[in-house]
Amino acid sequence: MRRLSAIMFTDMVGYTALMQEDEHRAKNLRDRHRTVLRDTIEEHGGEIVQFYGDGTLSVFPSAVQGVASAVRIQQAFSEDPQIPVRIGLHVGDIVHDEDGVHGDGVNVAARIQGMAIPGSVLVSDKIYDEVKNHRDYPTVALGSFELKNVQEPQALYALKAERLTVPAADELAGTGHLPKKSIAVLPFVSMSSDQEDEYFADGITEDLINALTRFEGLQVTARTSSFAFKNKNEDIRKIGEALNVGVVLEGSVRRAGNRIRIAAQLIDTRDGYHLFSNVYDRVLDDIFETQDELASTIAEELRVLLPTDPQETPATRAKKPTEDSEAYSAYLRGLFSWNKWTPDDTMDALRAFERSVQLDPNFALAHSGIARCYIHLGAVGRMSSEEALTRAETAAMRALELDPESAEAQMGLGLIHLFYHWDLPAAKSHLERALELNPGSAEGHCYLGFYLMAAGKLDQLVEVAEAAVALDPLSPVMLDALGRALVVAGRPERGSSYFDRALELAPGFRSAQEGKGLSYLIAGRPEEAIRELEAYRRMIPGGLGGYAPLVNAYAAAGRMTEAEDYLALIQERATEDPSASADIELSAALAGLGRIEEALDHVQRAIERKDASVAFLRTGPMWLPLRDHPRFEEMLSAVGL
């Protein structure tokens with residue numbers, strides 16, 4: 001008998017290993033596993049067609065019944081004794097006879113289950129279409145994947161419900177791969193005799209990345225992750241696996257005077273096959289048309305390879321940003337320095353962007369670059385907050401005046417309103433507009449996450465941070481941001497894994513080291529927190545700083561002498577250098593020691609000094625003891641937080 005059904009596969013993870021360790025416990029868990037499945041599936045109108053090994057194949061009359069059953073099963077297995085189970089669902093036309101259930105839908109459901117992680121429920125787009133209007137069954141989109149022995153790429157979604165695990169796209173198990181409609185642009189190699197032209201090749205690469213993000217339905221890996229492979233002769237298949245993309249674009253740039261030659265190859269990451277290869281000889285004045293031509297050619301090639309919905313058409317071609325080739329070169333030099341992420345390099349970038357604006361006062365991107373530099377210099381203390389704010393805001397407003405569609409200017413204004421004005425509605429408006437203009441921007445997702453953290457919208461915060469990591473999977477900054485989002489959202493153990501990944505990529509990345517310590521602190525593991533936070537303190541030049549988290553960790557461990565010693569060091573530094581704002585540090589340290597009124601005094605002083613970190617006091621883990629205090633609420637409410 002043939003019929004359309006919801007098909008569910010479940011799998012109990014680690015049963016074989018448990019049998020080898022504790023056969024009695026394994027059998028008890030298996031019995032509970034089967035009882036819960038039988039009762040719950042029957043209760044929701046389903047039928048267990050087959051028990052196989054440690055899993056089941058079941059069918060339901062409707063997608064809603066299958067989803068309701070899957071959610072309840074995972075909630076039951078989250079209770080002690082917990083049982084790690086993976087679940088996948090799909091809707092398909094099946095044949096149900098005396099030999100069991102057959103059909104392509106059965107294979108798809110099995111492959112989806114194989115992609116899941118313990119505690120999660122993954123569903124296909126067909127299931128999603130049936131439940132998307134049911135408020136009880138929200139989902140999180142994970143992207144499109146190619147599944148083994150399944151002809152078409154499958155869009156996968158994770159069910160989101162109480163006590164269910166929602167995996168990030170890069171956590172999915174099994175053998176799935178993103179289809180060709182995901183691309184990474186590897187750093188183009190400079191072939192010019194002048195080694196100074198390296199910045200020019202890097203700039204061309206970055207502009208191509210930005211151009212490709214304008215095409216609907218094309219997932220483009222962000223710059224940081226692509227540039228992780230600069231000057232590395234890695235196998236294309238390994239690059240595709242690391243970046244989770246189906247194709248890569250690589251090439252070279254040769255510049256001689258006012259002429260350039262760009263060679264580009266588009267390569268399938270699964271087999272190394274060249275999808276196309278071309279050489280573009282142009283004069284520098286035509287560089288923008290060349291980039292648009294190359295980006296359009298790539299998008300069209302992908303559209304031919306993977307036919308898409310007719311509505312999926314390229315976005316409007318980018319406007320030529322400047323008529324002055326020398327101003328453009330200065331801008332590329334500024335980007336080259338900006339992307340090194342140090343205060344000294346930011347100063348170099350600022351000088352290059354200012355030179356670009358001198359050559360072309362109407363170059364909007366250069367004005368946005370200036371705004372970004374001042375925001376960074378103010379945030380790291382190389383310039384007073386007031387001076388940085390004034391200059392950044394002037395530059396960002398000028399950029400927006402010149403180009404109302406500038407995502408970079410919108411991001412800059414969003415951060416200014418968040419950190420300096422504490423105007424959450426204005427920050428939200430600008431940051432959301434930036435993502436409307438450039439939905440493929442990992443940086444834009446990260447910055448919107450800053451707003452969501454300040455606003456206390458923690459579920460949305462995690463989703464946005466996960467989207468940033470999906471776009472930029474090898475960026476320590478994005479991994480750190482996701483780790484912190486998870487810590488703030490009360491999931492420190494999972495957050496810790498992202499700090500580990502960030503530190504693997506950048507062993508000296510201080511923010512991730514601090515985040516790892518805080519994750520242990522919030523998880524109730526103070527001794528491990530002390531170990532990690534002491535390592536964080538040693539990363540700070542001269543070991544002068546990082547004391548507030550240590551005060552909290554030592555206090556949580558009951559080691560009050562060490563906690564008081566570190567508090568004294570903060571107080572000593574504040575006395576010796578009154579210009580340095582130690583009020584945020586002191587408020588966090590005193591809160592950890594339970595000295596609430598003193599901590600609140602320093603919060604008030606930090607507000608009066610316009611400390612940018614005030615934006616995160618409502619959700620920052622070290623200020624947890626202050627959260628329910630009326631005075632704390634009054635102070636933050638008074639400034640719009």
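About the cut-offs
Residues numbered from 1 in each chain as written. Predicted model: local features only at pLDDT ≥ 70, side-chain atom pairs only at ≥ 80, totals over all residues. Heavy atoms only, no water. Helix = DSSP H or I, 4+ residues; strand = E, 2+ residues; numbered from the N terminus. Expected span 1.5 Å × (residues − 1). Buried < 20%, exposed > 50% of the residue type's maximum accessible area, 1.4 Å probe, protein only. Pairing = 2+ DSSP bridges. Core = buried A, V, L, I, M, F, W, Y, C linked by side-chain atoms within 4.5 Å. Contact = heavy atoms within 4.5 Å. Salt bridge = Lys/Arg side-chain N within 4 Å of Asp/Glu carboxyl O.

Our focus in this paragraph is helix H17 (residues 458-471). Here H17 contains 14 residues, and its C-alpha end-to-end distance of 20 Å stays within 8% of the 20 Å for a straight helix at 1.5 Å per residue. All of the buried residues in H17 are Leu-461, Val-462, Val-464, Ala-465, Glu-466, Ala-468, Val-469 and Leu-471.

It is worth spelling out the pairing of strand S12 (residues 247-256) at this point. Of all 10 residues in S12, seven are buried, a share of seventy percent or more. In terms of strand pairing, strand S9 (residues 182-185) meets S12 through three bridges, oriented parallel. Residue pairing in the sheet places Val-185 in a bridge with Leu-249 of S12. Looking at chain direction, strand S10 (residues 189-190) and S12 are connected through two bridges and run parallel. Among the inter-strand pairings, Val-189 is bridged to a residue of S12, identified as Ser-252. The sheet contact formed by S12 and strand S13 (residues 259-268) spans 10 bridges and is antiparallel. Paired with Val-253 across the two strands is Ile-262, which belongs to S13. Here S12 folds back onto S13 in antiparallel fashion, the turn holding two residues, of which Gly-257 has a positive phi close to 65°.

If you look at the biggest cluster of nonpolar residues, it comprises 136 residues, and the most contacted ones within it are Ile-183, Phe-188, Leu-249, Tyr-331, Val-614, Leu-617 and Leu-626. Grouped together as the second largest cluster of nonpolar side chains are 30 residues, Phe-77, Ile-83, Ile-87 and Ala-155 included.

Attention now moves to the environment of Leu-335. Looking at the element boundaries, Leu-335 is found in helix H10 (residues 325-338). Sequence spacing of Leu-335 and Ala-366 is 31 residues, and the spatial spacing of their C-alpha atoms is 9.5 Å. With near-sequence residues (within four places) excluded, Leu-335 lies in contact with Glu-206, Phe-353 and Arg-372.

What follows is about the pattern of salt bridges. By the definition in use, this model includes 30 salt bridges. A salt bridge links Glu-466 to Arg-494; the nearest nitrogen and oxygen atoms lie 3.1 Å apart. Taken together, the positions of Glu-466 in helix H17 and Arg-494 in helix H19 (residues 492-505) put the pair 28 residues apart, joining distant regions of the chain. Side by side, Glu-466 and Arg-494 carry an identical accessibility label, which is buried. Where Asp-500 meets Lys-516, a salt bridge forms, and the shortest distance between an N and an O atom there is 2.8 Å.

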